[in-house]
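Read off the chains here:
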Amino acid sequence: MKFISPTPALASLLFAVMTDTSAVQAQTTPQTLYQALGSESGISQIVDETVSIILQDERIKASFKETNIPRLAQLLKEQFCVISAGPCKYSGDDMKTVHQGLGINAAQFYALAEDVQIAMDKLAIPSTTQNRLMALLAPMKRDIVFPKAQP
């Protein structure tokens, strides 16, 4: 078998095809959820909008009357960052410890989840990205929803 050297034109064509293929592969590399949410600034906007909605939501706003809202917002930003594979550290306590004894019911949990989605809709976050975040938040229900402790 005899090897034939490519002509300069053929070599250029092969290089162009290989370069274009690499570019297509780079463009189709899936974004991390953290990137899809807009990284730190996007997550910050989502949380700020969510907190604003929560504080107006008749279904759950009373649950937050004793809450340090700036601290809540900061912890939510950290939490969303961590669960979306961002470079953050969560500085709060675990969900079970924080919510035990508060008597949060499933309806309140779902109301807050709905408020997160409303915030993301307002910020034009694509539904596929919203679903990715909500899929990571949903399992927290088991550590948040508890019957109120009886005295």
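This write-up is about the structure you can find in this document.

### A few points about the overall build of the protein
Line of reasoning, step 1. Each helix and strand counted, the protein has 8 helices and 0 strands in total.
Line of reasoning, step 2. Expressed as a percentage of the 151 residues in the protein, the buried residues total 30%.
Line of reasoning, step 3. Carbon and sulfur atoms make up 59% of the accessible area of the protein, which totals about 10,100 Å².

### A look at the nonpolar core
Line of reasoning, step 1. Counting residues in hydrophobic clusters, the biggest one holds 23 residues, and the most contacted among them are Leu37, Ile43, Val47, Phe80, Met120 and Leu133.
Line of reasoning, step 2. Put simply, the parts of the chain that give this core at least two residues each are α2 (33-36), α3 (39-54), α4 (69-83), α6 (106-122) and α7 (127-137).
Line of reasoning, step 3. Contact partners of Val47, with chain neighbours within four places excluded, come to Ala73, Leu76, Lys77 and Phe80.

### Topic: α3
Line of reasoning, step 1. For α3, built from 16 residues, the straight-helix expectation of 22 Å at 1.5 Å per residue is met to within 8% by its first-to-last C-alpha distance of 22 Å.
Line of reasoning, step 2. The complete set of buried residues in α3 reads Gly42, Ile43, Ile46, Val47, Thr50, Val51, Ile53 and Ile54. End-on view of α3: buried residues confined to an arc of 165°, all on one side of the axis.
Line of reasoning, step 3. On its buried face, α3 is in contact with α2, α4 and α6.

### A few points about the layout of surface pockets
Line of reasoning, step 1. In this structure, the largest pocket occupies an estimated 920 Å³ of space.
Line of reasoning, step 2. If you go around the largest pocket, you meet 33 residues; those closest to its centre are Phe64, Leu72, Val98, His99 and Ile104.
Line of reasoning, step 3. Those elements that provide at least two residues to the lining of the largest pocket are α4, α5 (95-99), α6 and α7.
Line of reasoning, step 4. The biggest single contributor to the lining of the largest pocket is α4, with 6 residues.
Line of reasoning, step 5. For the lining of the largest pocket, the residue count by class is 21 nonpolar, 8 polar and 4 charged.

### Quick look at the pattern of salt bridges
Line of reasoning, step 1. Considering all chains together, one arrives at 6 salt bridges under this definition.
Line of reasoning, step 2. A salt bridge links Asp57 to Arg59; the nearest nitrogen and oxygen atoms lie 2.8 Å apart.
Line of reasoning, step 3. Using a relative accessible area of 44% as the deciding quantity, one classes Arg59 as partly exposed.
Line of reasoning, step 4. Across the pair Lys61 and Glu58 runs a salt bridge, and its minimum N-O distance is 2.9 Å.
Line of reasoning, step 5. You can call Lys61 partly exposed: its relative accessible area is 33%.
Line of reasoning, step 6. Since its relative accessible area comes to 60%, Glu58 is described here as exposed.
Line of reasoning, step 7. Each member of the salt-bridge network shares a partner with another, and the members are Asp57, Arg59, Glu114 and Asp115.

Conventions used here
Residues numbered from 1 in each chain as written. Predicted model: local features only at pLDDT ≥ 70, side-chain atom pairs only at ≥ 80, totals over all residues. Heavy atoms only, no water. Helix = DSSP H or I, 4+ residues; strand = E, 2+ residues; numbered from the N terminus. Buried < 20%, exposed > 50% of the residue type's maximum accessible area, 1.4 Å probe, protein only. Areas by Shrake-Rupley, 256 points an atom, 1.4 Å probe, with all protein chains shown as cover. Core = buried A, V, L, I, M, F, W, Y, C linked by side-chain atoms within 4.5 Å. Contact = heavy atoms within 4.5 Å. Expected span 1.5 Å × (residues − 1). Arc of directions from axis to C-beta. 1 Å grid on protein atoms, 1.4 Å probe; cavity = no way out; pocket = protein on both sides within 12 Å on 5 of 7 lines; lining within 4 Å. Points joined across faces, edges and corners; volume = space filled by probe spheres on them. Nonpolar A, V, L, I, M, F, W, Y, C, P; charged D, E, K, R; others polar. Salt bridge = Lys/Arg side-chain N within 4 Å of Asp/Glu carboxyl O.

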